[in-house]
Structure formats: structure tokens, C-alpha cells
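# Descriptive analysis of the structure
Each chain, written out:
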Amino acid sequence: MSTSRSSRGFSTPVSRRAFALGGGLSFAALLAGCGGTSGGGKGSDGTSGSGDVSVMITCYPTQYLAEKVGGKHVSIINPVKPGIDPHGLELSVQQVAQMADADLVVQIEHYQNAVDDAIKAHKPKKLLNLNEFVDILPANGDEHEHEHGHAHEHEHGHDHDHDHDHDEHEHGASDAGGDEHAHEHGEDHAHEHDDHGHEGHDHDHGGIDPHFWQDPHRMIKAAKALADVLSDIDADHAEDYAKNYEALEKELTDLDEELHKKYESVKREKAFITSHTAFAYLADTYDLHQIGIAGIDPENEPSTERLLELADLVKKEKLTTVFFETSATPAVAEALASRTGAKAEELDNLETQLDAKKDYAQVMRENADKLVASWQ
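Residues numbered from 1 in each chain as written. Predicted model: local features only at pLDDT ≥ 70, side-chain atom pairs only at ≥ 80, totals over all residues. Heavy atoms only, no water.

## Brief notes about the packing of helix α10 (residues 304-316) against helix α11 (residues 331-340)
To keep it simple, the criterion reads: Note on geometry: axes are C-alpha line fits, over the in-contact stretch for helices, and angles between N-to-C directions span 0 to 180 degrees. By the criteria applied, helices consist of DSSP H or I runs no shorter than four residues and strands consist of E runs no shorter than two, each listed in order from the N terminus. Note that the term roughly parallel is reserved for angles under 35 degrees, roughly antiparallel for angles over 145, roughly perpendicular for angles of 65 to 115, and oblique for everything else. Handedness of a crossing is defined here by the sense of rotation of the near helix relative to the far one, left-handed for an anticlockwise turn of less than a right angle and right-handed for a clockwise turn. Contact between two residues is taken to exist if any of their heavy atoms lie within 4.5 Å; hydrogens are not considered.
It is the contact of α10 with α11, at a shortest axis distance of 10 Å, that shows an interaxial angle of 50°. The angle between α10 and α11 falls in the class oblique. In this structure, α10 crosses over α11, and the sense of that crossing is right-handed. Contacts between α10 and α11 involve L307, L310, A311, V314 and K315 from the former and V332, L336, R339 and T340 from the latter.

Have a look at this one:
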């Protein structure tokens with residue numbers, strides 16, 4: 001590895017955890033996880049609502065589903081506090097006890113190691129592992145998202161099949177190798193994306209990408225699974241859960257239709273660069289091309305080569321924007337943007353609710369508006 005890139009605008013020295021970009025600022029200090037603040041209205045013990053059925057969730061997307069489907073009949077326990085990275089959540093003894101006592105625990109397996117470990121050690125009264133009901137993508141990089149975007153469009157076309165049966169793709173967790181998912185865009189980008197050169201920590205997502213909530217139809221499948229299990233737990237209110245699910249299904253179906261129209265209005269290749277690859281499902285669903293500064297693990301650090309590669313890519317593809325996640329430090333994206341003449345813009349990964357006045361659907365719309373504007 002070269003220790004000097006000054007001719008390309010990047011400065012030295014370079015080591016495993018230190019890379020200076022135009023000002024001596026260490027990339028180890030710039031990169032942070034995708035934590036943030038959760039929605040408001042919670043008690044000091046992380047609970048919200050006053051229903052009889054206690055539901056423990058560990059990220060905003062599952063909180064949104066529990067609020068919409070459970071309604072007044074549930075009380076929600078959310079251990080994710082403001083400033084906590086949902087990926088790296090650590091549970092206290094009290095929170096593990098809350099999990100054991102909850103009527104229902106909603107899990108996204110391989111998303112949070114501490115949650116998976118606690119579930120194995122203390123079997124909940126009732127567990128809903130959403131991975132069993134939602135088509136999960138393997139965690140195998142940018143090319144996968146881009147190729148699957150085309151496959152999704154060809155399968156669903158413009159009629160937007162609301163059954164959205166992704167199982168036909170046969171690209172669940174067993175596909176983690178992803179050899180068949182060659183980048184359809186040809187050799188133009190292959191050399192640019194083969195080796196992302198990420199360094200740093202590993203949250204061990206089990207070879208899968210857990211961020212399925214970036215696709216509204218996968219959220220519908222998760223909502224149906226939640227409605228069914230709540231009806232089993234609380235049969236007296238099964239009719240209410242069914243009605244709440246039907247209303248949410250319509251809301252999310254309408255959202256999907258709206259997002260398709262927004263994204264399909266863009267005729268150029270819809271590539272975007274973001275802090276870490278938390279938007280694979282968005283890319284899969286709407287034929288976008290996600291390019292991550294870091295990988296699926298938000299704590300990974302990009303190598304020197306990766307950053308130089310991205311700087312070249314921004315210029316070559318005439319990208320106007322480098323996106324950073326709202327719950328992560330913008331410094332790396334801002335530095336990359338400043339070196340390439342692009343601007344830095346926030347993109348909300350929805351892992352936590354950053355503004356209690358904006359729910360899942362509103363944030364998905366705002367993200368779409370920002371992405372579409374970046375391609376104009």
C-alpha cells in the first residue's frame with residue numbers, strides 16, 4: 001500500500017485505522033455507528049402505550065409495526081435509548097428480565113447479537129422472528145443490489161404485484177455466496193466495486209442483510225406475521241388486529257405505488273453513494289444502485305484505495321451527491337463530497353426514529369425525494 005496519495009488530493013500517513021483526507025483528520029475518528037434517538041413518548045424503562053399485551057422490540061421499524069398493528073391493545077418495550085447504535089445494542093440485566101417477562105418479543109435475527117444471545121439464553125414466552133416471514137437478502141455488496149433491482153423490475157413490472165412474493169427469487173440467506181448475482185451493468189463498474197477494502201469491526205450479521213424495512217412490501221409481510229401472532233396471544237381482540245393490519249397494508253401498498261412512480265420518473269442509472277450499505281432492499285425494490293463507503297457493518301472503515309476509488313467514481317458517473325446517514329457522523333461523506341465537487345446530504349436509514357413527528361412512511365418519501373433530486 002502506498003503511503004502517499006498527495007497527487008490525487010489525499011494525504012498521508014495511512015495505516016489500518018488512520019487515513020487522512022485533505023486535512024489530517026483520521027478516518028477512525030470520522031466513522032461512527034448508525035445510532036440515534038428513538039421516538040418520543042417512552043417511559044424511563046423504555047415502555048410506551050398502556051395496552052395489556054407487552055411487546056418488546058429493538059429498533060424503530062418493528063416499533064412502527066407494533067404501534068400500527070397492536071394499537072391500543074399493546075404496550076411497547078424498546079431498549080434502544082437516544083444515542084445508542086441499534087446494531088451494537090447491549091442489554092442490561094433489567095432489559096433481559098423485561099424480555100423474559102414480555103408477552104411477545106419481536107426479533108430480526110442476526111441484526112443485534114445481544115438480542116439473539118439473550119433469546120437463546122432466556123427463551124421468551126412468545127417469539128416472532130421476522131426473518132422467517134420476510135424474504136431476506138444475502139449481504140454480498142453493491143453489485144447484488146443493482147442486479148436484483150433489474151430482476152425485481154422485470155418480475156413485477158409496472159403492475160406492482162401486491163403479493164410481492166420474493167421467494168421466487170430464491171435469494172434468501174442460503175444465497176450468501178451470491179455467485180449467480182453478477183452485476184448486470186457489465187464490466188463498467190466491476191473493477192470499481194469488487195474490493196471495497198473495508199476495515200474495522202464485525203457485527204456478524206450471519207451472511208444476511210437485516211435491513212428489510214427499506215421495502216414496504218416486506219414490511220407488509222412482517223405486519224401480517226405480527227397481526228397473526230398478536231391474535232393468537234390476545235384472541236379477544238383478534239378482529240382489531242386484523243383491521244389494523246388491513247389499514248396498514250393499504251397504507252404501505254399506496255406508499256410503494258408512490259415510490260415506484262418517483263423512482264421510475266428517473267431515466268438515467270440511479271446510482272447513489274451512502275455511508276454504509278443499509279439500503280440494499282430499497283435498491284432491490286426500485287432498481288437503484290447502492291454504493292457504500294463502508295459495508296453493511298456501520299463500524300467498518302474504508303481503506304485508502306476504496307476512498308480513492310469512490311472519488312474517481314463520483315466524477316466518472318457525474319454524481320451530484322454523497323449521502324450520509326442521519327444517525328451517523330457526516331464527516332467522511334462531507335470530506336469525500338468536498339474533494340469531488342459534490343454535496344453531502346442526509347439519508348435516514350430508519351433504524352431509529354429521529355423525529356417523533358415523522359413516521360416510517362414520511363421518511364421513506366423524504367428519502368425518495370432526496371435521491372431523485374440527486375439524479376436531476
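Still to come is the rest of the account.
## Remarks on unusual backbone geometry
What is expected of a backbone is that most residues other than glycine have negative phi and most peptide bonds are trans. Our working definition: Exposure classes here rest on a 1.4 Å probe applied to the protein chains alone. A residue is buried below 20% of its type maximum, exposed above 50%, and partly exposed in between.
Unusually for a residue other than glycine, D287 sits at a positive phi of about 60°. Take D287: it is sitting in the loop between α9 (280-286) and β12 (289-292). For D287, a relative accessible area of 11% corresponds to the buried category. Of note, the phi angle at L350 is positive, near 65°, even though the residue is not glycine. By the element assignment, L350 lies in the loop between β15 (343-347) and α12 (360-374). Assessed through its relative accessible area of 1%, L350 is described here as buried.

## Let's talk about α11
Among the ten residues that make up α11, seven are buried, leaving the element largely enclosed by the rest of the structure. Among all positions in α11, only A331, V332, A333, A335, L336, A337 and T340 are buried. Downstream of α11 by one or two residues, G341 has phi in the positive range, about 80°.

## Topic: the confidence of the model for the protein
The line we're drawing: Per-residue confidence from the predictor is reported as pLDDT, which spans 0 to 100.
Looking at the protein as a whole, the pLDDT averages 75, with 65% of positions reaching at least 70. Taken as a whole, residues 1-41 scores under 50 in pLDDT and shows 112 contacts with residues more than four places along the chain or in a different chain. Counting interchain partners and residues more than four positions distant, the pLDDT-below-50 stretch residues 141-203 has 152 contacts.

## Here we look at the packing of helix α2 (residues 60-70) against helix α7 (residues 216-233)
To keep it simple, the criterion reads: Under the grouping applied here, Gly and all other residues not named as nonpolar or charged are polar, the nonpolar ones being Ala, Val, Leu, Ile, Met, Phe, Trp, Tyr, Cys and Pro and the charged ones Asp, Glu, Lys and Arg.
Put simply, α2 and α7 touch, their axes get as near as 10 Å, and they point 55° apart. In terms of axis orientation, α2 runs oblique to α7. Read as a crossing pair, α2 and α7 show a hand that is right-handed. Where α2 abuts α7, its residues P61, Y64, L65, A66, V69 and G70 lie against M219, A222, A223, L226, A227 and L230. Here the residues of the contact of α2 with α7 are counted per class, giving eleven nonpolar, one polar and no charged.

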